[in-house]
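Survey of secondary and tertiary structure
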Amino acid sequence: MKEETFAYVIDPDGADDTITRWDPADDQARIRLDARQLTTNLGADYSSHRLGRYVVHHGNPPYVQEVNHYAGQLWTGLAGGGPTSVLRGTVLVTGRKLLDGTHRLLDFSEIEHLAALAQTPTRWLEPDGLVVSAAQMQGDRKRQCDAFAVHRDQTTGVWAFAVCDGIGDSQDTADFVRHFTPRLARAAATLQRPEKAIEAIRKEVEPWQQRRGWARTSPRRPSW
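Right, let's walk through the structure included here. (Residues numbered from 1 in each chain as written. Predicted model: local features only at pLDDT ≥ 70, side-chain atom pairs only at ≥ 80, totals over all residues. Heavy atoms only, no water.)

1. Section: the overall build of the chain
Helix and strand counts for the chain stand at five helices and seven strands. Along the chain direction, N to C, the helices and strands of the chain fall in the order β-β-α-β-β-α-β-α-β-β-α-α. Relative to its 224 residues, the chain shows a buried fraction of 40%. Of the contacts made within the chain by residues no fewer than 6 positions apart, 56% connect residues no fewer than 24 positions apart. Carbon together with sulfur atoms contributes 51% to the accessible area of the chain, which is approximately 12,800 Å² in total. (Helix = DSSP H or I, 4+ residues; strand = E, 2+ residues; numbered from the N terminus. Buried < 20%, exposed > 50% of the residue type's maximum accessible area, 1.4 Å probe, protein only. Contact = heavy atoms within 4.5 Å. Areas by Shrake-Rupley, 256 points an atom, 1.4 Å probe, with all protein chains shown as cover.)

In structure tokens:
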């Protein structure tokens, strides 16, 4: 076995670290170890989002837990700009999943790059003028299935705030609201007419569902 870096870790206070492990040669053992590292640090209910060569993993803690602005800055850097959902508590960044089900391991230059992004303020997290915030509470549901997003059109200065209230607590519902809420806010700010934004985003729903294989199992349209 050889020592490898599995994840970059960033806490709400800006303290960072890495998770280094002795990497077993067996793929199935690596998959189990990857899963154990994530649940140990984030809890059993965590979410993972692919951003290019990396995957951002975060828990879904109560809204009272501190917002991780450093993770937000890192997310914005990896995404090439733009706002991010509110991340709370400790956040882990790993390499993307490989075909064998394991995560790509990180080298030293990548850790340095991720650390630099986490420490670089962005205009999305430190905007001039109006500052908007919100809080969520998961309650007794298995996962957070509500989402909010804010967008400001850089040309007109118009702000839009969108909230999607997901029904139930399935992973499909969570994925739906996380995908379409920021798109809805962006469309509303750009078009400056909420009803036109809803009409525009509705047209994206069915193709998105078909790409995910929902056409056979989830034919329902959104209620908005």
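Let's pick the thread back up.
2. Some points on the pairing of strand β4 (residues 54-59)
Of all six residues in β4, six are buried; the element is thus mostly enclosed. As paired elements, strand β3 (residues 46-51) and β4 share six bridges and run antiparallel to each other. Its bridge partner lying in β4, Leu51 is registered against Tyr54. Linkage of β3 to β4, two consecutive antiparallel strands, is achieved through a turn of two residues, within which Gly52 is found at a positive phi near 65 degrees. Relative to strand β5 (residues 91-95), β4 runs antiparallel, the two sharing five bridges. Looking at β5, one finds that Tyr54 is bridged to Gly95. (Pairing = 2+ DSSP bridges.)

3. Details of the side chain of Arg104
Among the secondary structure elements, Arg104 is positioned in the loop between β5 and α3 (108-118). For Arg104, the side chain forms a polar contact with the main-chain oxygen of Arg53, separated by 3.2 Å. Contact partners of Arg104, with chain neighbours within four places excluded, come to Arg53, Tyr54, Gly95, Arg96, Leu98 and Glu110. (Polar contact = N/O pair within 3.5 Å; in protein donor to acceptor, adjacent residues only side chain to side chain.)

4. Observations regarding the pattern of salt bridges
Under the defined criterion, the tally for this structure stands at seven salt bridges. Measuring nitrogen to oxygen at the nearest pair gives 2.8 Å for the salt bridge that ties Asp175 to Arg212. One end of the pair, Asp175, is in helix α4 (residues 171-191); the other, Arg212, is in the segment after α5 (194-211), and 37 residues separate them in sequence. A residue is classified by how much of its surface remains accessible, and Asp175, at 21% relative accessible area, is partly exposed. A salt bridge links Lys196 to Glu199, with the nearest nitrogen and oxygen atoms 3.8 Å apart. (Salt bridge = Lys/Arg side-chain N within 4 Å of Asp/Glu carboxyl O.)

5. Section: α3
Among all positions of α3, only Glu110, Ile111, Leu114, Ala115, Leu117 and Ala118 are buried. Buried residues in α3, looked at end-on, bunch into an arc of 160 degrees, giving them a common side. (Arc of directions from axis to C-beta.)

6. Some remarks on the environment of Asp107
Along the polypeptide, Asp107 turns up in the loop between β5 and α3. Polar contacts involving the side chain of Asp107 include one to the side chain of Ser109, which spans 2.8 Å. A distance of 2.9 Å separates a polar side-chain atom of Asp107 from the backbone nitrogen of Glu110.

7. What about the pairing of strand β7 (residues 159-165)?
Looking down a regular strand, the side chains alternate between one sheet face and the other. Burial along β7 is one-sided: Ala160, Ala162 and Cys164 are buried, while Trp159, Phe161, Val163 and Asp165, pointing the other way, are not. As paired strands, strand β6 (residues 146-152) and β7 are joined by seven bridges and run antiparallel to one another. Bridge pairing links Ala149 to Ala162 in β7. Count of turn residues in the β6/β7 antiparallel hairpin: six residues, of which Gly157 carries a positive phi of about 80 degrees.

8. Comments concerning the packing of aromatic side chains
With the rule as written, the count across this model stands at four aromatic pairs. Measuring from centroid to centroid gives 6.1 Å for Phe148 and Phe161, while their planes differ by 10 degrees, and the two rings are stacked. Of this pair, Phe148 sits in strand β6 while Phe161 sits in strand β7, and the two are 13 residues apart along the sequence. For Phe148, a relative accessible area of 18% puts it in the buried group. Residue classification places Phe161 among the partly exposed positions, given a relative accessible area of 44%. Look at Phe176 and Trp208: their rings are 5.7 Å apart centre to centre, the planes differ by 75 degrees, and that puts the pair in the edge-to-face class. One end of the pair, Phe176, is in helix α4; the other, Trp208, is in helix α5, with 32 residues separating them in the sequence. Judged by relative accessible area, Phe176 falls into the buried class, the value being 11%. (Phe/Tyr/Trp six-rings, centres within 6.5 Å; stacked < 30°, edge-to-face > 60°.)

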